[in-house]
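# Structural overview
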Amino acid sequence: MTEAITIRRPDDWHLHLRDEDMLRGVLPHTARQFARAIVMPNLSPPVTTAQAAAAYRQRILKVLPQDLDFAPLMTCYLTDDTDPDDLARGYAEGVFTAAKLYPAGATTNSANGVTAIANIRRVLERMQEIGMVLCVHGEVTDPEIDIFDREAVFIERILAPLLREMPGLRVVLEHATTEQAVDYVLASGENVAATITPQHLHINRNAMLVGGMRPHAYCLPVPKREKHRLALRRAATSGSEKFFLGTDSAPHSQSAKESGCGCAGIFNAPHALESYLTVFDEEGALDRFEAFASENGPRFYRLPLNEGTVTLERAPTDVPETIDAAGTAVIPFHAGQRLGWRLRA
Ligand code: DOR
Ligand code: ZN
């Protein structure tokens, strides 16, 4: 049995860091594992300009513990009014690594998102021209559509037509949760890829709803049926370079989650690598973990691979019941469970 695995330093291609105290509380969990992360812009108010993104990056670096070497990669929150010139300038200057499409109303702090794809046509054309990556929250917001179908319908109604119109647009379908997403990405050109979260590899919708409502298993897109989880596990461990690590770690206070209208989001940052590696181990695919965690993402984003390595060993890791994020209690993914791998310090 493999007792330890050493891989090139990994990156997290989808992360929510928040701001202020929460940022200070959650950042070290990510920075101790990952060299870089794509930082989501859904703050309140959202990060919609290059100036706001540069300021947010400074706030992140200011609270980064000195012994940790970590680079935040910033994204622009697209709105109906995004200025293509500001976006392109921010990209050229290295402030933005990508732009994020939130359909308005699809998820946490998406109220200012895009109300119709036609409203950002000029922005998307410019992105296609300059090769800037579009990160997509792929869910429709049509109230007629069942929440469990919203990703599949988004692909059919929005994403596929968009890519037919702009076949060179570089797209990451974030947090893929369905077999349809996996199939679509695999059938698309090399300009289309997807991130996969640890939770969607570990849990299906039963984890959320059987034996009581479990708010800490609730995120968006919601975990789906078992067959979808299995499709995601096959995709992540397949060796295809179209799939890579993106945790979507999304901290909310315990009280905001355990509420009559609980927030969507799973805080998986503290043991993200151990969580993913458990899946690759269960699937007999330890040899494919490095590509998923450390190679496919930078290759897609056309960024250099990281130098240095991290080592994980087969040893029990007890995940705490709760984490103190600079004064706020946050319940982590796998709370109270034991994982079989440990990141060596
Ligand atoms: O579960 C989620 N939480 N999904 C998202 O798309 C947003 C995120 C958040 O910001 O809390
Ligand atoms: Zn997210």
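So, here's what we can say about the structure. From a predicted model like this one, the values you see are computed outputs, not experimental measurements.

## Some points on empty space enclosed by the protein
Any empty space left between the atoms is revealed when a probe the size of a water molecule rolls over them. Under the criterion given, the structure shown has 3 cavities of 30 Å³ or more. For the largest cavity, the calculated volume is near 130 Å³.

## Concerning the coordination of the zinc ion (ligand 2)
His-14 (NE2), His-16 (NE2) and Asp-248 (OD) make up the full set of protein donors to the zinc ion (ligand 2), lying at 2.0 to 2.1 Å. Mapping the donors of the zinc ion (ligand 2) onto the primary sequence yields the spacing H-x1-H-x231-D. Taken together, the residues span a long stretch of sequence, with His-14 in strand E2 (residues 12-15) and Asp-248 in the loop between strand E9 (243-245) and helix H10 (254-257) at a distance of 234 residues. Here His-14 and Asp-248 have matching classes, each one buried.

## Here we look at the pattern of salt bridges
Side chains bearing opposite charge may pair, as long as their charged atoms lie close to each other. Applying the stated criterion to the full structure yields 16 salt bridges. Put simply, Asp-86 and Arg-89 hold a salt bridge, and the shortest N to O gap is 4.0 Å. Of this pair, Asp-86 and Arg-89 are both found in helix H3 (residues 84-92), 3 residues apart, which corresponds to roughly one turn of the helix. Under the relative-accessibility criterion, Arg-89 is labelled partly exposed at 45%. Residues Arg-344 and Glu-313 are paired through a salt bridge, measuring 2.6 Å at the closest nitrogen-oxygen approach.

## Digging into the packing of helix H5 (residues 150-165) against helix H6 (residues 179-187)
With their axes 9 Å apart at the nearest point, H5 and H6 run at an angle of 20 degrees to one another. With respect to each other, H5 and H6 are oriented roughly parallel. Crossing handedness for the pair H5 and H6: right-handed. When H5 is examined against H6, the residues Glu-151, Ala-152, Ile-155, Leu-159, Ala-160 and Leu-163 are found in contact with a partner set consisting of Gln-180, Ala-181 and Tyr-184. Its residues placed into classes, the contact of H5 with H6 shows 7 nonpolar, 1 polar and 1 charged.

## Description of the sheet that holds strand E5 (residues 96-101)
If you walk across this open sheet you meet the 8 strands as E2-E3-E4-E5-E6-E7-E8-E9, and the pairing is parallel. Each having just a single partner strand, E2 and E9 make up the two edges of the open sheet. Ignoring strand direction, the axes of neighbouring strands in this sheet form an average angle of 30 degrees. Two strands pair when backbone bridges link them, and strand E6 (residues 133-136) and strand E7 (residues 170-173) are joined in this way by 4 bridges, in the parallel orientation. Bridging from a neighbouring strand, Leu-134 pairs with Val-171 of E7. H3 contacts strand E4 (71-77) and E5 of the sheet and is inclined by roughly 145 degrees relative to E5.

## A few points about unusual backbone geometry
Following Ser-44, the chain continues into Pro-45 via a peptide bond in cis, with omega recorded as 0 degrees. Within the element layout of this structure, Pro-45 appears in the loop between strand E3 (36-39) and helix H2 (50-62). Omega for the bond connecting Leu-220 with Pro-221 falls within 30 degrees of zero, at -5 degrees, which places this linkage in the cis form. Tracing the backbone through its elements, the reader meets Pro-221 in the loop between helix H8 (206-209) and helix H9 (226-236). Located in the positive-phi region is Arg-302, a residue other than glycine, with phi close to 60 degrees.

Conventions used here
- Residues numbered from 1 in each chain as written.
- Chains lettered and ligands numbered in written order.
- Predicted model: local features only at pLDDT ≥ 70, side-chain atom pairs only at ≥ 80, totals over all residues.
- Heavy atoms only, no water.
- 1 Å grid on protein atoms, 1.4 Å probe; cavity = no way out; pocket = protein on both sides within 12 Å on 5 of 7 lines; lining within 4 Å.
- Points joined across faces, edges and corners; volume = space filled by probe spheres on them.
- Donors = N, O, S within 2.8 Å, 3.2 Å for Na, K, Ca; no water.
- Helix = DSSP H or I, 4+ residues; strand = E, 2+ residues; numbered from the N terminus.
- Buried < 20%, exposed > 50% of the residue type's maximum accessible area, 1.4 Å probe, protein only.
- Salt bridge = Lys/Arg side-chain N within 4 Å of Asp/Glu carboxyl O.
- Axes fitted to C-alpha atoms, helices over the stretch in contact; angles between N-to-C directions.
- Parallel < 35°, antiparallel > 145°, perpendicular 65-115°, else oblique.
- Left-handed = near helix turned anticlockwise from the far one by under 90°.
- Contact = heavy atoms within 4.5 Å.
- Nonpolar A, V, L, I, M, F, W, Y, C, P; charged D, E, K, R; others polar.
- Pairing = 2+ DSSP bridges.

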